[in-house]
Amino acid sequence: MLQFKLVLLGDSSVGKSSIVNRFVKDSFDEFRESTIGAAFLSQTVTIKDDDQDVTVKFEIWDTAGQERYKSLAPMYYRNSNAALVVYDITQADSLEKAQSWVHELKNKVDDNNLVIYLVGNKVDLTKDDEEKRVVDRDVAEKYAQENGLLFNEVSAKTGEGIQQIFQTIGENLYEVRKKENTTNNSNMANRAHGQVDIQLPRPSTNDSTSCCS
Ligand SMILES: Nc1nc2c(ncn2[C@@H]2O[C@H](COP(=O)(O)OP(=O)(O)OP(=O)(O)O)[C@@H](O)[C@H]2O)c(=O)[nH]1
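Starting afresh in each chain, residues are numbered from 1 along the sequence in its written order. Residue-level local features of this predicted model are given only where pLDDT is at least 70; pairs of side-chain atoms are given and counted only at 80 or more, and the full residue set underlies all totals for whole chains, interfaces and linings. Remark: hydrogens and water are excluded; side-chain values derive from all non-hydrogen atoms of the structure.

Under an unreviewed UniProt entry, the name given to the protein chain is GTP-binding protein of the rab/ypt, and the organism recorded is Maudiozyma exigua. UniProt positions are given in the numbering used here, feature names are shortened, and annotations may be inferred rather than shown by experiment. Check the Sequence similarities (unreviewed entry) section of the UniProt entry for the protein chain; it says "Belongs to the small GTPase superfamily. Rab family."

Laid out in structure tokens, this is it:
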């Protein structure tokens, strides 16, 4: 099993906890309390490599979006393999906030392989009433493309697109690990002038399910 650390960032009430709750517990709560500090959850996805099933475990840090917790965020995004940067397609300010998180991640996280996924949530609200939409999909998608981000619009309420986010991130991170391993092993092989087995790295043994605030 491969293990990756994933962090959620974004303005308060854009639906970060609801996205995690949909992915981990397949449920939705209309009246969610705002997160205090951060919450930790974990969940797996299964990806295919040829005929082989590979289990990818996500250790998920769901951060609090309220301004007063902003200074805690680096603790959670440091050493992350992936970040979900969430905005609400019915709140214009929330895209600007998401863009400032993307900027911060790019400046502060050293890992060039960090996978950043820009997520426009609450797409269900626009299904019957397109007027509720204030963030144009094309604008957000263009921004994502220009900045090398994955992008989709989803709904934590209906579940639309939620599993796909984590599946895609899992596949991306698996490919990165595989490449890193092949490179490491071929370096070793060059040094030893011999043959080496290609193995995926062992997952860390840290299996905590505790929560912090
Ligand atoms: N209609 C709709 N409402 C949503 C959706 N996702 C979340 N909500 C609602 O939006 C509100 C805020 O959701 P949260 O998941 O608590 O938002 P958050 O980003 O975690 O907020 P903080 O913890 O303050 O950072 C709640 O009332 C949710 O029920 C969605 O996809 N559609």
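(A) Seen up close, the packing of aromatic side chains. Aromatic rings from Phe, Tyr and Trp, with only the six-membered ring used for Trp, were paired whenever their centres fell within 6.5 Å, and each pair was classed as stacked if the ring planes differed by under 30 degrees, edge-to-face if by over 60, and tilted otherwise. Summed over all chains, the structure comprises 5 aromatic pairs. When the centroid spacing of 5.8 Å and the interplanar angle of 70 degrees are considered together, the rings of Phe58 and Phe166 count as edge-to-face. Of this pair, Phe58 sits in strand E3 (residues 52-63) while Phe166 is found in helix H5 (residues 162-192), placing the two residues 108 residues apart along the sequence. Each member of the pair, Phe58 as well as Phe166, is classed as buried. Strands here are runs of E lasting at least two residues and helices are runs of H or I lasting at least four, both read from the DSSP assignment and numbered beginning at the N terminus. Summary of the burial criterion: residues with accessible area below 20% of their type's maximum are buried, those above 50% are exposed, and those between are partly exposed, where the area comes from a 1.4 Å probe applied to protein chains only.

(B) Quick look at the pairing of E3. Counting buried positions along E3 yields 9 of 12 residues, so the element is predominantly enclosed. Of the pairings in the sheet, the one linking strand E1 (residues 2-10) to E3 comprises 7 bridges and is parallel in character. Among the inter-strand pairings, Leu2 is bridged to a residue of E3, identified as Val56. Two strands form a pair only when DSSP identifies at least two bridges running between them. Where strand E2 (residues 38-49) folds back on E3, the antiparallel hairpin that results is connected by 2 residues, among which Asp50 adopts a positive phi of roughly 55 degrees.

(C) Layout of helix H1 (residues 16-25). Here H1 lies mainly inside the structure; 9 of its 10 residues are buried. Looking only at H1, the buried set comprises Lys16, Ser17, Ser18, Ile19, Val20, Asn21, Arg22, Phe23 and Val24. Of the residues one or two after H1, Asp26 is the one with positive phi, at around 50 degrees.

(D) Examining the site of the ligand more closely. The immediate surroundings of the ligand are formed by 23 residues, with Ser12, Ser18, Ser34, Thr35 and Gly65 found nearest. Throughout this description, a polar contact denotes any pair of N or O atoms lying within 3.5 Å of each other; where both atoms belong to protein, one of them has to be capable of donating a hydrogen while the other can accept it, and for residues adjacent in sequence the pair is counted only when both atoms sit in side chains. One of the side-chain N or O atoms of Ser12 is found 2.7 Å from an oxygen atom in the ligand. Taking Gly65, its main chain carries an N or O atom lying 2.7 Å from an oxygen atom of the ligand. Each accessible area value is a Shrake-Rupley result obtained with a 1.4 Å probe; residue values ignore everything except the protein chains displayed when judging cover. Look at the ligand: alone it shows 650 Å² of surface, and the protein chains cover 91% of it. The pocket occupied by the ligand, as judged from atoms lying within 2 Å of grid points, is the largest pocket. Here a residue counts as near a molecule or strand whenever at least one of its heavy atoms sits within 4 Å of it. Only protein atoms enter the 1 Å grid used here. Points where a 1.4 Å probe fits but cannot escape make up a cavity, open sets with protein on both sides within 12 Å along at least five of seven lines make up a pocket, and a residue lines them when an atom lies within 4 Å of a point. Put plainly, a molecule is in a cavity or pocket when over half of its atoms are within 2 Å of the grid points there.

(E) Spatial organisation of the layout of surface pockets. Grid points are joined across faces, edges and corners, and a volume is the space filled by probe spheres set on the points. The calculated volume of the largest pocket comes to roughly 440 Å³. Considering the residues around the largest pocket, the lining is formed by 25 residues, among which Ser13, Val14, Gly15, Ser18 and Lys122 are closest to the centre. In terms of residue class, the lining of the largest pocket is built from 5 nonpolar, 12 polar and 8 charged. Around the second largest pocket, the lining is made up of 16 residues, and of these Asn112, Asn113, Leu114, Val115 and Ile116 lie nearest the centre. Residue assignment for the lining of the second largest pocket shows that the elements contributing at least two residues are helix H3 (92-108), strand E5 (115-121) and H5. Side-chain classes follow a simple rule in which Ala, Val, Leu, Ile, Met, Phe, Trp, Tyr, Cys and Pro form the nonpolar group, Asp, Glu, Lys and Arg form the charged group, and the remainder, Gly included, forms the polar group.

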